[in-house]
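# Chains, contacts and geometry: an overview
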Amino acid sequence: MARTMWDSSVGKKTVMAVSGVIMLLYLVAHVIGNLKIFFGPEEFNHYGHWLRTVGEPFMHYEWTLWLVRIVLIVAVVAHAVSAYQLSRRDIKARPSKYVHKKPRASYATRTMRWGGIIMGLFIVWHVLDLTTGHVHAGGFQEGHPYENVVDTFSTWYGNVIYIVAMLAVGMHIRHGFWSAAQTLGVGSRTRDRALKTVANVLALLLTAGFIAVPVGVMTGVVS
Ligand code: HEM
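Residues numbered from 1 in each chain as written. Predicted model: local features only at pLDDT ≥ 70, side-chain atom pairs only at ≥ 80, totals over all residues. Heavy atoms only, no water.

## Concerning the packing of aromatic side chains
- Evaluation of the coordinates by the stated rule reveals seven aromatic pairs.
- Ring geometry for F44 versus Y47: centroids 6.4 Å apart, planes at 45°, classification tilted. On the criterion of helical spacing, the pair formed by F44 and Y47 is a turn pair, its members being three residues apart in helix α3 (residues 41-53).
- Owing to a relative accessible area of 7%, F44 belongs among the buried residues under this scheme.
- Arranged with centres 5.1 Å apart and planes meeting at 85°, the rings of F122 and Y162 form a pair that is edge-to-face. A residue pair is termed long-range when its members are at least 10 positions apart, and F122 in helix α5 (residues 107-131) and Y162 in helix α7 (residues 156-183) qualify at 40 residues. Both residues of the pair, F122 and Y162, belong to the buried class.
- Taken together, F44, Y47, W50 and Y146 form an aromatic cluster joined through their ring pairs.
- Sitting over the face of the ring of Y47, K36 holds its NZ or CZ atom 4.5 Å from the ring centroid. (Phe/Tyr/Trp six-rings, centres within 6.5 Å; stacked < 30°, edge-to-face > 60°. Helix = DSSP H or I, 4+ residues; strand = E, 2+ residues; numbered from the N terminus. Buried < 20%, exposed > 50% of the residue type's maximum accessible area, 1.4 Å probe, protein only. Lys NZ or Arg CZ within 6 Å of the ring centre and 35° of its normal.)

In structure tokens form, the structure reads like this:
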């Protein structure tokens, strides 16, 4: 049963929609967390510490954080694998008359594929930059995310990488949210306009909220 579901295109689209919603919820929480940087180092670093102690004493140090990480890793992998398999299927299913013409996916499909690849690469770089510190500019300070974020956005390439990634995030959510709603059966003729508006507003708020941080550092509001 589960096997048949996974093998079907509808099954893979459902996996994409559900994993997408999980990651979207994470991003909403992440942007709210990030905006605390405007309230100073104490508040932001305290929040970073809380992420590791949440659930104590029931949970041990970092257990809740690791639970969230595992859910996110599963969501990212499931999303990427289904996307890859759906796109392979899409290419195979093309009528043979396209063999001589250059096959061209729609604008939305191409943006989603490239956006997904850009974000995948970004997430790896981002974790190595601000979680582990391996590619961090300046001296990475464990437990001092405020200072680390300021270091990152004090370099031109840090700003470029983040801003490009945030624009990709916005475009991906704009289309992805709407697609997910269709797959999960939330869409209808009367509701589609409202769903598109919600997708646009959500994408805009998330992109603007994330970009506010590098802009804050560049303008000296955060230093
Ligand atoms: C300007 C935008 C962003 C800033 C300033 C930022 C900041 C941070 C910081 C400071 C951490 C480390 C938290 C800690 O260890 O205490 C972090 C972790 C993380 N961020 Fe971001 N982030 C941004 C955008 C994003 C975006 C767009 C995504 C996803 C597409 C993302 C995904 C993650 C993930 C997966 C982690 C690792 C969480 C963990 O395992 O500890 N971030 N971010």
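## Here's the deal with the coordination of the iron atom of the ligand
- Coordination of the iron atom of the ligand by the protein is provided by H30 (NE2) and H126 (NE2), with metal-donor distances spanning 1.9 to 2.0 Å.
- Here the iron atom of the ligand is ringed by six donor atoms whose angles at the metal span 85 to 178°, and the overall shape comes out octahedral. Of this pair, H30 sits in helix α2 (residues 9-35) while H126 sits in helix α5; the two residues are 96 residues apart in sequence, bridging distant segments of the chain. (Donors = N, O, S within 2.8 Å, 3.2 Å for Na, K, Ca; no water. Tetrahedral: all angles 85-135°; square planar, octahedral: opposite > 155°, others 65-115°.)

## What to know about the nonpolar core
- I37, M166, I173 and L206 are the most contacted members of the largest nonpolar core, which totals 25 residues.
- Secondary structure elements with two or more residues in this core: α2, α5, α6 (145-152), α7 and α8 (192-218). (Core = buried A, V, L, I, M, F, W, Y, C linked by side-chain atoms within 4.5 Å.)

## Structural notes on the packing of α7 against α8
- It is the contact of α7 with α8, at a shortest axis distance of 9 Å, that shows an interaxial angle of 165°. Relative to α8, α7 is oriented roughly antiparallel. As for the relative orientation of α7 and α8, their crossing is right-handed in sense.
- A breakdown of the residues in the contact of α7 with α8 according to their chemical character gives 17 nonpolar, five polar and three charged. (Axes fitted to C-alpha atoms, helices over the stretch in contact; angles between N-to-C directions. Parallel < 35°, antiparallel > 145°, perpendicular 65-115°, else oblique. Left-handed = near helix turned anticlockwise from the far one by under 90°. Nonpolar A, V, L, I, M, F, W, Y, C, P; charged D, E, K, R; others polar.)

## A closer look at the environment of S154
- As for its placement among the helices and strands, S154 is situated in the loop between α6 and α7.
- For the pair S154 and M218, spaced 64 residues apart in the sequence, the C-alpha separation amounts to 7.0 Å.
- A polar side-chain atom of S154 sits 2.5 Å from the main-chain carbonyl oxygen of V150. (Polar contact = N/O pair within 3.5 Å; in protein donor to acceptor, adjacent residues only side chain to side chain.)

## Considering the site of the ligand
- The immediate surroundings of the ligand are formed by 19 residues, with H30, R52, R69, H126 and F210 found nearest.
- Taking H30, its side chain carries an N or O atom lying 2.8 Å from a nitrogen atom of the ligand.
- H126 has a polar side-chain atom sitting 2.7 Å from a nitrogen atom of the ligand.
- When contributions to the shell around the ligand are tallied by element, the ones reaching two or more residues are α2, α5, α7 and α8.
- It is α5 that contributes the most residues to the shell around the ligand, five residues altogether.
- Looking at the shell around the ligand, its residues break down into 13 nonpolar, four polar and two charged. (Near = heavy atom within 4 Å.)

## Some details on unusual backbone geometry
- With an omega of 5°, the peptide bond running from E56 to P57 counts as cis.
- One can find P57 in the loop between α3 and α4 (63-92).
- Unlike most non-glycine residues, E62 shows phi in positive territory, near 70°.
- Tracing the chain through its elements places E62 in the loop between α3 and α4.

## With respect to α2
- Here α2 is 27 residues long and its end C-alpha atoms lie 38 Å apart, about the 39 Å a rise of 1.5 Å per residue gives.
- Taken residue by residue, α2 has G11, K12, A17, S19, M23, L24, L27, H30, V31, G33 and N34 as its buried positions. (Expected span 1.5 Å × (residues − 1).)

## Notes on a nonpolar patch on the surface
- On the surface, a nonpolar cluster with roughly 920 Å² of combined accessible area is contributed by W114, I117, I118, L121, W156, Y157, V160, I161 and V164.
- Counting residues per element, the ones that place at least two in the nonpolar patch are α5 and α7.
- The leading source of residues in the nonpolar patch is α7, at five residues.
- Along the chain, V160 turns up in helix α7. (Patch = residues over 30% accessible without salt bridge, like charges linked within 9 Å, V, L, I, M, F, W, Y side chains within 5 Å. Areas by Shrake-Rupley, 256 points an atom, 1.4 Å probe, with all protein chains shown as cover. Salt bridge = Lys/Arg side-chain N within 4 Å of Asp/Glu carboxyl O.)

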